[in-house]
Amino acid sequence: MPDTFQVHGFMSQALILTDHNDFFGPSSRDTGSLEYTELGLNASFRPRSNVLVAGQVLSRKAGGYGDAWKPTLDYGVIDYQLLSGERRVLGLQVGRFKNPFGIYNQTRDVPSTRAGILLPQSIYFDRSRSLGLASDGITVYDEERFSRGTLYIQGGLGIPQVNGDAEISLSPTKPSLDGRISSILQVLYAHDGGRVNLGVSAARVRSSFQSRQNPSAKGEFVFQPVILSAQYNAERWSLTAEYEYQHKELKDFDNDIYNSTADGESWYVQYQFRLTPDWQWLLRYDQTVSDRNDREGSRYASEGRGPSYSRFARDLSTGIKWSLSSRWMVQAEWHHVDGTAWLPRQDNESDEETTRRWNMLLFQTSYSF
Amino acid sequence: MRQPLIACICLVAALLFTVKSRGDDPMVVLIANPSVIQSSLSLETVRAIFAMRQRTLADGQAIHVFVLPDGDPLHEAFAKKILGVYPHQLRLAWDRAVFSGTGQAPNEVATAAEMVKAVATTPGGIGYAYRSELTNQVRVIDID
């Protein structure tokens, strides 16, 4: 009988070059930035037929992003399947679980599961990624099988890992945020073995808010995204589109000037074409606006809060992926971006010193086993 | 914004109505260790087993999945003609399971002969084989 103990891992190294603005390190200098590295190692085993124990440690460097190199527990779960039949699978995970959010979130740091080097930043933004990464709590999942498709339902309750990245991304004044019990729900339908995938994900991520400048300014920050996902998989190509509606709210402040809401929206369309089993071409258009009532950011700018273009981003990108073997992969990708809505503040001194239109060229090699 | 929403809805409608059915290949069969009592499994269950989402059979027995490398013609035939999915979809499903803490990777063997042997000697073992290379040490499972 084969041992059910398994160890897997991945690593990646990128070179990033930009003409303006810095993304993951000093990418705008002549030699570019090598400050995008990912290392992951996981282990899993099945102590009983209906129990899976799995954990993964992630160490990552992404420019000025807060937790550089610090190994973190990416997930650590005990997964128990109460029911495992032909028509239905019902189980739960206790521990730190990856948030089922959109198509890519659960494996967002694993190069082999991404369509390109970067995920669409409008929805899978890296600059405040801790908001959506994983939760400490419990999640219940259910699979309902029909004659030609499967419905997946997953709901979870837990404390999110809201870190400094979310603080600086929310405001340059870096308010202190602490995760509070949050909820997430995903319903996915996979038709005909995943030829067509349709999904809805919704979350309510809560954290306490405490201004560092004004100690009496205390309240709650709520991030409430809803994502609609659609994907078609053919033998040679895949077409993926996702739309996200993001409700952001500051509430429960004694001083009413802090209480505010902003509804943003993001969407992308992505085409992957497999030229051969080893070569893949990617084309994507990705767009985000931080506030639907101020699409061009003009009100934001007139209030003196920052440049108008920091409130939107339109990213046209194309890339190529070469799988040297089932383990090694080399990729190149070019982005032409109008706006800086997802540009990491961690890498750029101030919003004012950024440039509205910028180009980015990325190369990445990765290995997984 | 209305345009992307309408575009999404049209895309979804178009995709749902494109029908392509799975063709059976009598040359390739689903095989299991004799400890597996089921004589048939539904297609969605078999897809879940090979996507590494089904860990036990209905009677509680742990499943051990065996596969050949991605480019192997038998693997490709089994994936495309029996499961009705492409090898790249299976590979992605395994990576997603392995790196999100929701499942494990299948056991990879190098040749079709090794596959039959591994399934024959592993209780709960499930794999696939050319009908012509079957031995009496494995059972053929029908797919409903």
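Remember, predicted model here, so these are calculated numbers, not experimental data.

Asker: Sorry if this is basic, but what is going on with helix α5 (residues 112-121) of chain B here?
Answerer: Three- or four-residue spacings in an α-helix give side chains the same orientation, since the helix completes a turn every 3.6 residues. Those residues of α5 of chain B not exposed but buried are A112, M115, V116, A118, V119 and A120 of chain B. Residues of α5 of chain B that are buried in the fold lie against β1 (28-32), β3 (64-67), α3 (73-83) and β5 (125-130) of chain B.

Asker: Help me out: how do you make sense of the packing of α3 of chain B against helix α4 (residues 87-98) of chain B in this one?
Answerer: Between two packed helices, what matters for the description is the angle formed by their axes and the separation of those axes. Residues and elements named next belong to chain B. Packing of α3 against α4 leaves a shortest axis separation of 9 Å and a crossing angle of 95°. One finds that α3 runs roughly perpendicular with respect to α4. For the pair formed by α3 and α4, the contact residues are H75, E76, A79, K80 and L83 on the first element and P87, L90 and W94 on the second. Split by residue class, the contact of α3 with α4 holds five nonpolar, one polar and two charged.

Asker: Just checking my understanding: could you explain the interface of chain A and chain B for this structure?
Answerer: Put simply, an interface is often sized by how much accessible area is lost when its parts join up. Taken together, the contact pairs 66 residues of chain A with 48 residues of chain B. With both chains or domains summed, chain A and chain B bury close to 4800 Å², and 53% of this area falls on carbon and sulfur atoms. When the area that chain A buries against chain B is broken down by residue, the three leading residues are R46, E86 and E235 of chain A, summing to 12%. There are four salt bridges connecting chain A and chain B. One salt bridge in this structure joins E235 of chain A and K80 of chain B, with 2.6 Å as the shortest N-O distance. Linking chain A with chain B are 29 residue pairs in polar contact (both at pLDDT 80 or more), by the criterion used here. Looking at the side of chain A that touches chain B element by element, the count peaks at five residues for strand β4 (residues 72-84) of chain A. When grouped by side-chain class, the residues that make up the side of chain A that touches chain B number 25 nonpolar, 26 polar and 15 charged.

Asker: Can you help me understand the pairing of strand β10 (residues 218-233) of chain A in this one?
Answerer: All names here are of chain A. Burial analysis of β10 places 12 of its 16 residues in the buried class, the great majority of the element. Bridge analysis of β10 against strand β11 (residues 237-251) gives 14 bridges, and the strand direction is antiparallel. Pairing of F221 across the sheet is with L250, part of β11. The hairpin formed by β10 and β11 contains three residues between the paired strands.

Asker: Help me out: how do you make sense of the nonpolar core in this one?
Answerer: One recurring pattern in soluble globular proteins: nonpolar side chains tend to sit buried together. Ranked by size, the top nonpolar core spans 38 residues in total, and within it I49, F50, F78 and Y128 of chain B carry the most contacts. Discounting chain neighbours no more than four positions away, the residues touching Y128 of chain B are V29, L30, I31, F50, F66, V67, L68, L74, H75, F78 and M115 of chain B. Counting residues in hydrophobic clusters, the runner-up holds 27 residues, among them I103, A166, V205 and Y268 of chain A.

Asker: Mind showing me how you'd approach the side chain of R55 of chain B here?
Answerer: Residue and element names in this part refer to chain B. Here R55 is to be found in the loop between α2 (43-50) and β3. On the basis of relative accessibility, which here comes to 6%, the residue R55 falls in the buried class. Among the polar contacts listed, one links the side chain of R55 to the backbone oxygen of T102, at a separation of 3.2 Å.

Asker: Sorry if this is basic, but what is going on with a nonpolar patch on the surface here?
Answerer: All names here are of chain A. Together, L275, W279, W281, L283, L316, I320, W322, L324, W328 and V330 make up a nonpolar patch on the protein surface, roughly 850 Å² of accessible area in all. Counting only elements with at least two residues in the nonpolar patch, the list comes to β13 (279-289), β14 (312-323) and β15 (328-339). Position of L324 among the secondary structure elements: in the loop between β14 and β15. Taking relative accessible area as the criterion, L324 reaches 46% and is therefore assigned partly exposed.

Asker: Please explain the environment of T276 of chain A as it appears in this structure.
Answerer: All names here are of chain A. Checked against the element boundaries, T276 lands in the loop between β12 (260-274) and β13. Note: C-alpha distance between T276 and R236 (40 residues apart in sequence) is 8.1 Å. A distance of 3.1 Å separates the side chain of T276 from the backbone nitrogen of W279, its partner in a polar contact.

Asker: I would appreciate a short explanation of the pattern of salt bridges in the present structure.
Answerer: Any two side chains of opposite charge can pair, given that their charged atoms come close. All names here are of chain A. What the rule picks out here adds up to 35 salt bridges over all chains. Between D351 and R345 there is a salt bridge, with its nearest N and O atoms 3.0 Å apart. Each member of the pair, D351 as well as R345, is classed as buried. Here the residues in one salt-bridge network are R60, R108, D109, D126 and R129, joined through shared partners.

Asker: Could you clarify how one ought to interpret the packing of α2 of chain B against α3 of chain B in this entry?
Answerer: All names here are of chain B. Direction vectors running N to C along α2 and α3 enclose 150°, while the axes themselves pass 11 Å from each other. Compared by their axis directions, α2 and α3 come out roughly antiparallel. Considering only the axes of α2 and α3, their crossing is left-handed. From α2, L43, V46, R47 and F50 reach across to α3, where they touch F78, I82 and L83.

What counts, and where the lines are drawn
- Residues numbered from 1 in each chain as written.
- Chains lettered and ligands numbered in written order.
- Predicted model: local features only at pLDDT ≥ 70, side-chain atom pairs only at ≥ 80, totals over all residues.
- Heavy atoms only, no water.
- Buried < 20%, exposed > 50% of the residue type's maximum accessible area, 1.4 Å probe, protein only.
- Helix = DSSP H or I, 4+ residues; strand = E, 2+ residues; numbered from the N terminus.
- Contact = heavy atoms within 4.5 Å.
- Axes fitted to C-alpha atoms, helices over the stretch in contact; angles between N-to-C directions.
- Parallel < 35°, antiparallel > 145°, perpendicular 65-115°, else oblique.
- Nonpolar A, V, L, I, M, F, W, Y, C, P; charged D, E, K, R; others polar.
- Buried area = accessible area lost by both parts, 1.4 Å probe.
- Salt bridge = Lys/Arg side-chain N within 4 Å of Asp/Glu carboxyl O.
- Polar contact = N/O pair within 3.5 Å; in protein donor to acceptor, adjacent residues only side chain to side chain.
- Pairing = 2+ DSSP bridges.
- Core = buried A, V, L, I, M, F, W, Y, C linked by side-chain atoms within 4.5 Å.
- Patch = residues over 30% accessible without salt bridge, like charges linked within 9 Å, V, L, I, M, F, W, Y side chains within 5 Å.
- Areas by Shrake-Rupley, 256 points an atom, 1.4 Å probe, with all protein chains shown as cover.
- Left-handed = near helix turned anticlockwise from the far one by under 90°.

Bear in mind that shape data such as this cannot, by itself, settle questions of function.
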